[in-house]
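The residues making up each chain are set out below.
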Amino acid sequence: MAEVLVLVDHHDGVVRKVTAELLTAAARLGTPAAVVVGKPGTVESLAAELGALGAAIVYAAESDDAAGFLITPQVAGLAAAAAAATPAAILVPATVDGREISGRLAVRLNSGLLADAVDVESIDGEVVATQSVFGGEYTVRYRVTTGVPIISIRPNAVEAAPTAASPQVVPVQITIDPAISATVIADHPEPIGDRPELGAASVVVSGGRGVGSADNFHVVEELADSLGGAVGASRAAVDSGYYPPQFQVGQTGTTVSPQVYIALGISGAIQHRAGMQTSKTIIAVNKDSEAPIFEIADFGVVGDLFTVAPLLTGAVKARKS
Amino acid sequence: MDIAVLIKQVPDTYSERKLREQDWTLDRDAADAVLDEIDSRGVETALQLTEAKGGEVTVVTMGPDRATETLRKALAMGAHKAVHVLDDGLAGSDALQTSAALAAAIRTLSVDLVIAGNESTDGRTGSVPSMLAERLGLPQVTSVRTLEIDGTTLRAERVHDGGYSEVTASLPAVVSVIEKINEPRYPNFKGIMAAKKKPVSTLGIGDLGLDPSTTGLANAASQVLDGAARPPRTAGEKVADDGSGGTKVAEFLAAARLI
Ligand SMILES: Cc1cc2nc3c(=O)[nH]c(=O)nc-3n(C[C@H](O)[C@H](O)[C@H](O)COP(=O)(O)OP(=O)(O)OC[C@H]3O[C@@H](n4cnc5c(N)ncnc54)[C@H](O)[C@@H]3O)c2cc1C
Ligand SMILES: Nc1ncnc2c1ncn2[C@@H]1O[C@H](COP(=O)(O)O)[C@@H](O)[C@H]1O
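Cut-offs applied
- Numbers given for residues are sequential positions, taken from 1 along each chain in its written order.
- Key to labels: chains lettered from A, ligands numbered from 1, both in the order written.
- At least 70 in pLDDT is required for a residue's local features to be given in this predicted model, at least 80 for side-chain atom pairs to be given and counted, and no such filter applies to totals for whole chains, interfaces and linings, which use all residues.
- Side-chain numbers here rest on the full set of heavy atoms in the structure, without hydrogens or water.
- Note on aromatic contacts: the rings of Phe and Tyr and the six-membered ring of Trp form a pair at centre separations within 6.5 Å, being stacked when their planes are under 30 degrees apart, edge-to-face when over 60 apart, and tilted otherwise.
- Summary of the burial criterion: residues with accessible area below 20% of their type's maximum are buried, those above 50% are exposed, and those between are partly exposed, where the area comes from a 1.4 Å probe applied to protein chains only.
- The helix and strand labels rest on DSSP assignments: H or I over at least four residues marks a helix, E over at least two residues marks a strand, and numbering proceeds from the N terminus.
- Two strands form a pair only when DSSP identifies at least two bridges running between them.
- Helix axes are fitted only over the stretch in contact, all axes being lines through C-alpha atoms; the angle between N-to-C directions runs from 0 to 180 degrees.
- We call two residues contacting when some pair of their heavy atoms lies within 4.5 Å.
- Working definition: residue near molecule or strand if any one of its non-hydrogen atoms lies within 4 Å of it.
- Here a polar contact means two N or O atoms within 3.5 Å. Within protein one must be a hydrogen donor candidate and the other an acceptor candidate, and residues neighboring in sequence count only if both atoms are side-chain atoms.
- Each accessible area is a Shrake-Rupley result for a 1.4 Å probe, and residues are judged covered by the shown protein chains and nothing else.
- Each residue is assigned to one class: nonpolar for Ala, Val, Leu, Ile, Met, Phe, Trp, Tyr, Cys and Pro, charged for Asp, Glu, Lys and Arg, and polar for all the others, Gly among them.
- Grouping buried Ala, Val, Leu, Ile, Met, Phe, Trp, Tyr and Cys residues that are joined through side-chain atoms within 4.5 Å yields what is termed a nonpolar core.

**Regarding the packing of aromatic side chains**
In this description, an aromatic ring pair is defined by two values, namely the gap between the centres and the angle between the planes.
Alright, step 1. As enumerated under the stated definition, the model contains 5 aromatic pairs over all chains in all.
Alright, step 2. Ring centres of Phe 134 of chain A and Tyr 138 of chain A lie 6.4 Å apart, and the angle between their planes is 70 degrees; this geometry places the pair in the edge-to-face category. One exposure class covers both Phe 134 of chain A and Tyr 138 of chain A, and it is buried.
Alright, step 3. Where Tyr 138 of chain A meets Trp 24 of chain B, the ring centres are 6.2 Å apart and the plane angle is 70 degrees; that geometry is what we call edge-to-face. In this pair, Tyr 138 of chain A is assigned in strand 10 (residues 138-144) and Trp 24 of chain B in the loop between strand 2 (9-11) and strand 3 (33-35), connecting two distinct chains. The residues Tyr 138 of chain A and Trp 24 of chain B share a single accessibility class, namely buried.

Encoded structure:
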């Protein structure tokens, strides 16, 4: 079976969850092969974990230059592994970095790119990717007709189900051209809070402009915490400075598809709906009975979020205890 | 410094966007076409830089005839000139082909910086800027929320999934901006009048030196197999809060075994 390359998303010696999802997706298409780009010594510390996640082969693209430059080391690593493996497909996470890496790589390998896929499958030996278009209005299946299919896969779209392997480590040489590379001077990671990650949470409670202020957002947070959920925000709430931008849900924010989505003080503009309308169950609380969010809500309360949400928080806690 | 800004005409996200069920491509007649909001922020970024440092802003689009409306809007905002990549043979291009045509168009200019949006609202591949950088042999910094130029060096805050980084690159370079970068200005009457006289040059496949056997839908590196529309969502129960709304939500969730 042909190899399927997976770009390993790792940081400070930790393999990110999306890598497990991509290795699972790769196993559907061929033999999963992980590509690690990092400073010398990186692969030694990660190989066993990658094996446990299903990698049968680990390509080690190590270089002292791998850390300071942005994007181009990963492009070089994948290109080198592709030359060694003649893969059936190359999978990268559809993150900011992954999308950029896949764009450059597609040009370098003159290959078709399928961006932000939510699923991959093999049909009669051909790699087919499914995309979710216009916030889930449509699903469309695509294939690549030129080169090796390069597919970026949305984090949390594929459920990781690894079959452990004992990987063979294969070193590949990379050279990074500083003339086409940007340099990272400093990284500022977001502090990881206690709440689940927005894109992966099974419950999301979002606040909109109706929340009225940053101080009031604790009402949203307390409900989220009672449900073990993540907090989201509309763009109006973000633009008004009530909540940080990385929590924006919608067309230009994160797309979420939780079991339960609770919208508090959100009108339900089409661009907000584009990021949450594939949620399994939608609950809306809004003062305005005409708010468009009610058109897609499974259960709606026309009322003041400041009375409804705390009561709900209390009721959820009471059921748990 | 001279700057090229890539701008794209997209279906207005406030109207209903559709795919054509024959071939699952974008139905451009179903919705009003507008300058993509993110690209108006790209234009704003370029205008602020040239206002501070001198130089000209050239807006570049690839799209059908009516995409000139988008160019005029950017010219009315204050851009100096425009390039329209226009050829029937380019219809149905994928990101790889679009980036080849745009790269060829940019090579006809001599610019220090190329600015794009991080992601278009219709294509959403977010890959044209990095493809362009690779084709032009330039460094790229995508998803920036701040941008400063000092001599021939750019410095930016680049937002990524785990936070943000401070990044530098030497010019010329390709940058893509996110919606937090600025608020775009509205064209005023004077700007709209002035835009009518600003130069718009049109470039086709021949002018760009592209091989016609590589362009357009028939030669795209990625192709649609099939598609499906999602069944529309319907409204469920709606109650007016009589003081027990919170409890009713809890009961609804419990009945559905969600809590
Ligand atoms: C290109 C583009 C991209 C966009 N991307 C996004 C995106 O990714 N995400 C996004 O969210 N938006 C996005 N938008 C913006 C979108 O169009 C809306 O402006 C935005 O979603 C509105 O947010 P909101 O519902 O919080 O605010 P509003 O529309 O102002 O609604 C506030 C709601 O709160 C209700 N309310 C007020 N007080 C209370 C109370 N005490 N109790 C209960 N209800 C109350 C009001 O009745 C009202 O319905 C985008 C727009 C464009 C043009
Ligand atoms: N046809 C086009 N014409 C001009 N610019 C484009 C075109 N397609 C994409 N771009 C630029 O690339 C950015 C990202 O688009 P995309 O890669 O399609 O998500 C857009 O915001 C534009 O700046």
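**Considering the sheet that holds strand 18 (residues 299-302) of chain A**
Alright, step 1. Taken together, 6 strands build an open sheet; the order of strands is 15(A)-14(A)-16(A)-17(A)-18(A)-13(B) and the sheet is parallel. If you trace the sheet from one side to the other, it starts and ends with strand 15 (230-233) of chain A together with strand 13 (237-240) of chain B, each paired once. Across this sheet, the average inter-strand angle for adjacent strands is 15 degrees, counted without regard to direction.
Alright, step 2. Two strands pair when backbone bridges link them, and strand 14 (residues 203-207) of chain A and strand 15 of chain A are joined in this way by 4 bridges, in the parallel orientation. Looking at the pairing, Val 205 of chain A lines up with Val 231 of chain A of strand 15 of chain A.
Alright, step 3. Here helix 8 (residues 305-320) of chain A sits on the sheet in contact with strand 16 (260-264), strand 17 (281-286) and strand 18 of chain A, set at roughly 145 degrees to strand 16 of chain A.

**Quick word on the sheet that holds strand 12 (residues 168-171) of chain A**
Through backbone hydrogen bonds, the strands of a sheet pair up, either in parallel or in antiparallel fashion.
Alright, step 1. Spatially, 10 strands are ordered 12(A)-5(A)-4(A)-1(A)-7(A)-11(A)-8(A)-9(A)-10(A)-12(B) in an open sheet, and the strand pairing comes out mixed. A strand with exactly one partner marks an edge of an open sheet, and here the two such strands are strand 12 of chain A together with strand 12 (222-229) of chain B. Neighbour-to-neighbour, the strand axes of the sheet open up by a mean angle of 35 degrees, direction not taken into account.
Alright, step 2. Bridging between strand 4 (residues 31-38) of chain A and strand 5 (residues 57-62) of chain A involves 6 bridges; their strand directions are parallel. Its bridge partner lying in strand 5 of chain A, Ala 33 of chain A is registered against Ile 57 of chain A.
Alright, step 3. Contacting strand 4, strand 5 and strand 12 of chain A, helix 2 (residues 42-52) of chain A crosses the sheet at an angle of about 155 degrees to strand 4 of chain A.

**Some thoughts on the environment of Val 58 of chain A**
Residues and elements named next belong to chain A.
Alright, step 1. By the element assignment, Val 58 lies in strand 5.
Alright, step 2. Along the chain, Val 58 and Val 35 lie 23 residues apart, while their C-alpha atoms are 5.8 Å from each other.
Alright, step 3. Setting aside its immediate chain neighbours within four residues, Val 58 contacts Ala 34, Val 36, Val 43, Leu 50, Pro 167, Gln 168, Val 169 and Val 170.

**Some points on the site of ligand 1**
Alright, step 1. In the vicinity of ligand 1, 27 residues are found, and the nearest of them are Arg 209, Ser 234, Ser 267, Gln 271 and Asn 286 of chain A.
Alright, step 2. At ligand 1, the nearby residues belong to more than one chain, namely chains A and B.
Alright, step 3. Here an oxygen atom of ligand 1 sits 2.7 Å away from a polar atom, N or O, in the side chain of Asn 286 of chain A.
Alright, step 4. Separating a nitrogen atom of ligand 1 from a backbone N or O atom of Lys 287 of chain A is a distance of 3.1 Å.

**A closer look at unusual backbone geometry**
Alright, step 1. With omega at -5 degrees, the peptide bond leading from Leu 171 of chain B into Pro 172 of chain B counts as cis.
Alright, step 2. Mapped onto the fold, Pro 172 of chain B is located in the loop between strand 9 (163-170) and strand 10 (173-177).
Alright, step 3. The phi dihedral of Thr 86 of chain A is positive, around 40 degrees, even though this residue is not glycine.
Alright, step 4. Examined against the element boundaries, Thr 86 of chain A turns out to sit in the loop between helix 3 (72-85) and strand 7 (89-93).
Alright, step 5. Judged by its relative accessible area of 66%, Thr 86 of chain A falls in the exposed class.

**A look at the site of ligand 2**
Residue and element names in this part refer to chain B.
Alright, step 1. Ligand 2 sits among 20 residues. The nearest are Leu 6, Ile 7, Asp 39, Ser 120 and Gly 126.
Alright, step 2. One of the backbone nitrogen or oxygen atoms of Gly 117 is found 3.0 Å away from an oxygen atom of ligand 2.
Alright, step 3. Contact with the protein chains covers 97% of the free accessible surface of ligand 2, which is 480 Å².
Alright, step 4. Those elements that place two or more of their residues in the shell around ligand 2 are helix 1 (37-53), strand 4 (57-62), helix 3 (95-107), strand 6 (113-117) and helix 4 (128-136).
Alright, step 5. The dominant element in the shell around ligand 2, judged by the number of residues it contributes, is strand 4, at 3 residues.
Alright, step 6. When the residues that make up the shell around ligand 2 are grouped by side-chain class, the tally is 9 nonpolar, 7 polar and 4 charged.

**Quick look at the nonpolar core**
Alright, step 1. With 99 residues, the main nonpolar core has Leu 5 and Tyr 59 of chain A together with Val 5, Val 59, Leu 113, Leu 147 and Leu 154 of chain B as its most contacted residues.
Alright, step 2. Core analysis: the second largest hydrophobic core is formed by 40 residues, Val 8, Leu 46, Ala 89 and Ile 153 of chain A among them.

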